[in-house]
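Overview (structure and organization)
Residues per chain, in single letters:
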Amino acid sequence: MWWRAAGICTKVLCPSRPDRVTGPSETPHLPPSPRRPSPVSATDPTLLAEREHLLRARADLRAMREHTLSLNAQGGDHVSTEYLKAALYRRAKALEDDPSLPLFFGRIDRVEPGHGREETHESFHIGRRHVMDGNGDPMVVDWRADVSRAFYRATRNDPHGVVLRRRYGFAEGELTSYEDEHLLDTREADITSRILTEEIERPRVGPMRDIVATIQPEQDEVVRTSLERTVCVQGAPGTGKTAVGLHRAAYLLHTYRDRLARTGVLVIGPNQAFLHYIAQVLPTLGEVDVRQVTVAELVDGTGVPPRVTDTPQVAALKGDERMAEVIRRAVWSHVGEPAETLYVTRGTRRWRVPVHEVVEAIAVLRGRGDGYTTARSLLGQRLAHRILLRMEAAGEITDDRVQNAVARSRPVKAYVDELWPALDPVKLVLRLLSEPELLAVAAAGILDADEQARLLWSKPARGPKSAPWSPADAVLVDEAAAALERVPGVGHVVLDEAQDLSPMELRAVARRAGTGSLTVLGDIAQGTTPWATPSWPDALRHLGREDAHLEVLRKGYRVPAAVVDFAARLLPFIAPGIEPPEAVRSNPGRLDVVAADGDLLAAVADAAADVATRIGSIGVIAADDMADQAAAALTAAGVEHGRLADDARVTVVPATLAKGLEYDHVIVIEPARIVAAEPSGLRRLYVVLTRAASSLTVVHDDALPEPLTSREPLVHQGG
């Protein structure tokens, strides 16, 4: 059939007569009359030509990969040879072709003015990676290339030089349809593309997909922001903020490859389930060398294995930004006041550095802003230099070797050790949480007596291995380590679900960014931790990026209107200043609220059996202590399912791990139980409800939380 409206024509295969349409090498200036329907057949010349282009592009991609594999990785030495082998392996990996994915999803035809010569007509196929033929000419242009920007930004009011934009429909890698938009046709206004809409609303099966074919102009603005700039994205559920952040990482790796090849890109997510979910996005875009970690893994190098979980009050206190100053004081409190003159015997003479000069040297080193350990390592050289000046004044011949020998001499090393002792970050934090005297000195005027008492462990730890470390303690140790020595940073950090991080965790992230930039992603309304950030300016201050650009994504491309409206009833209670997303999907979705009438698990089983007949992925979300009961109910109903680590169509998800995930169909069990499980229960429920991309079924036996009953209707069925 041929569907056409408002200047966009879509063509798909159907048994009918062929109709003349523009071929891929031709550049039309205006379409035929938008009112005249004209079906096409399987012999449609444009479709056949595009299929041929796809076949040639796949063959050229294979040739590119085979050429890479044929190269001889032989460097000047063993190290360079291994480096070349690794680089060629990554290159070959990036050139692997997945036949289930189309190599290109769009095309633009441009006309460049002649300026006295003939106009230049150009055509570019836009895809996930660059593909060139044997002559070096592009068969597919990478979506991140500058020329591809027009595919996402062009409109009739501002066509960016584009006269034709074409989108392609695919099924299992096979090109099945195309849709043309003639941007110089002013007879009709811009409308939503049907192929674009179908791609956005396509069922979610398996891990998160890339969105290169559906990036919207406001998303593209974020993706193509330069490396030098930090961007903070406030995005309501379904606005694509996570995908935008990952695509920005891919864009930066493409545009600033040489720089980021040296410094790297780091993705930080809330938990392993989330990282597993997004793990396939960057590889589909040809980027395979990006490290992905949780905050706990970020500070794992501290050598503090968490054994206990703090109460929310204690964890919030340990995550408070004031703890950074407490730790800084605890570190620098170990620098003593010199009371004795330094004497160094060299040869037959005895040289001295008086106390006031030692005080001056220490003040200079502390004022430089270096870490404690770095400054300590320089003190010996400073003192040796003072002796060197006296030796030169006495007529002795000196050089750098003499100064180094003096700095390494036993008297100088012993003097430095006594005055400025070496510290270990683990032992320092252990003492801080075990010794009231040290904590009192470091926290004076910062934490009151009650707060200091809450921080102290119930009994002193005998050593690091027996200490009752918690996840928050590991972050404190990381802060202490940074106070001793500078932490190496990477070129760019993508931080997702940033609203849930404590100020101290945000500081740990900022250290990994170093002098690089960040993409900060989150939603203030979805903050579920006791220490969740109240506003983005606060979070950016802790990250040391107060000048970051704040972008608000409002258009919801994932969550349908029925689900948005239902979940938005919670917003006045959890985040009064946050507006709900604007659902833009053509299908309003489906909402069912089911009263269990005394047999909750039976109702869950019935709901699961019903939802299992629909197309797409299914998430069954319950309070953490109900997850096993939910799994048992599914087993009793004969519904095959798995847990988060499994690649199952039906997945049982504990509520605390649902953040960042999405499913076509979601069954939420007993909302009141989810709310009662934690202090931020209403926010957790908001997160849980907005995981649905097509339908939401709420099964309850207890009364629904009051905010959800504030408006009718509670049942909404869309197409």
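Residues numbered from 1 in each chain as written. Predicted model: local features only at pLDDT ≥ 70, side-chain atom pairs only at ≥ 80, totals over all residues. Heavy atoms only, no water.

As annotated in an unreviewed UniProt entry, the chain is AAA family ATPase from Jiangella asiatica.

On to the pattern of salt bridges. Counting across every chain of the model gives 44 salt bridges. With a shortest N-O distance of 3.1 Å, Asp 399 and Arg 401 are connected by a salt bridge. Note that Arg 614 and Asp 610 form a salt bridge whose closest N and O atoms lie 3.0 Å from each other. Shared partners join several salt bridges into a network, and the residues in it are Glu 50, Arg 107, Asp 109, Arg 166 and Asp 180. (Salt bridge = Lys/Arg side-chain N within 4 Å of Asp/Glu carboxyl O.)

The two faces of a sheet get side chains in turn, since along a regular strand they alternate between them. Extensive coverage of strand S20 (residues 618-622) is indicated by the burial of 5 of its 5 residues. Here S20 shows no split at all, with Ile 618, Val 620 and Ala 622 on one side and Gly 619 and Ile 621 on the other all buried. As defined by bridge partners, S20 adjoins strand S21 (residues 650-654) across 5 bridges and the pair is classed as parallel. Considered in S21, the bridge of Ile 621 is made with Val 653. As defined by bridge partners, S20 adjoins strand S22 (residues 663-669) across 4 bridges and the pair is classed as parallel. (Buried < 20%, exposed > 50% of the residue type's maximum accessible area, 1.4 Å probe, protein only. Helix = DSSP H or I, 4+ residues; strand = E, 2+ residues; numbered from the N terminus. Pairing = 2+ DSSP bridges.)

The next thing to look at is the UniProt feature "binding site: ATP" (unreviewed entry) in the chain. The positions UniProt marks with the feature "binding site: ATP" (unreviewed entry) are Gly 235, Ala 236, Pro 237, Gly 238, Thr 239, Gly 240, Lys 241 and Thr 242. Checking the named residues against the second largest cavity, the ones that line it are Thr 242. Among the secondary structure elements, Thr 239 is positioned in the loop between strand S9 (231-235) and helix H6 (241-255). A distance of 2.7 Å separates a polar side-chain atom of Thr 239 from the backbone oxygen of Ala 236. Positionally, Gly 240 belongs in the loop between S9 and H6. Accessibility expressed as a relative area gives 24% for Gly 240, which makes it partly exposed. (UniProt positions renumbered as here; feature names shortened; annotations may be inferred. 1 Å grid on protein atoms, 1.4 Å probe; cavity = no way out; pocket = protein on both sides within 12 Å on 5 of 7 lines; lining within 4 Å. Polar contact = N/O pair within 3.5 Å; in protein donor to acceptor, adjacent residues only side chain to side chain.)

Moving on, we come to the packing of aromatic side chains. Applying the stated criterion across every chain, the model contains 9 aromatic pairs. Ring geometry for Phe 151 against Tyr 152: centres 5.2 Å apart, planes inclined by 85°, an arrangement best described as edge-to-face. On the basis of relative accessibility, which here comes to 1%, the residue Phe 151 falls in the buried class. Taken together, a centroid distance of 5.4 Å and an interplanar angle of 70° make the contact between Trp 332 and Tyr 372 edge-to-face. Placement of the pair is Trp 332 in helix H12 (residues 322-332) and Tyr 372 in helix H14 (residues 372-393), with a sequence separation of 40 residues. Side by side, Trp 332 and Tyr 372 carry an identical accessibility label, which is buried. Each residue in the set Phe 104, Tyr 168 and Phe 170 is aromatic and connected to the rest through ring pairs, giving one cluster. Between Arg 350 and the ring centre of Tyr 343, over which it is positioned, the NZ or CZ distance is 4.0 Å. (Phe/Tyr/Trp six-rings, centres within 6.5 Å; stacked < 30°, edge-to-face > 60°. Lys NZ or Arg CZ within 6 Å of the ring centre and 35° of its normal.)

Even without being a glycine, His 160 presents a positive backbone phi close to 55°. Note that His 160 resides in the loop between helix H3 (149-153) and strand S7 (162-171). Exposure remark for His 160: the relative accessible area of 35% places this residue in the partly exposed category. Unusually for a residue other than glycine, Glu 497 sits at a positive phi of about 55°. Note that Glu 497 resides in the loop between strand S14 (492-495) and helix H21 (503-513).

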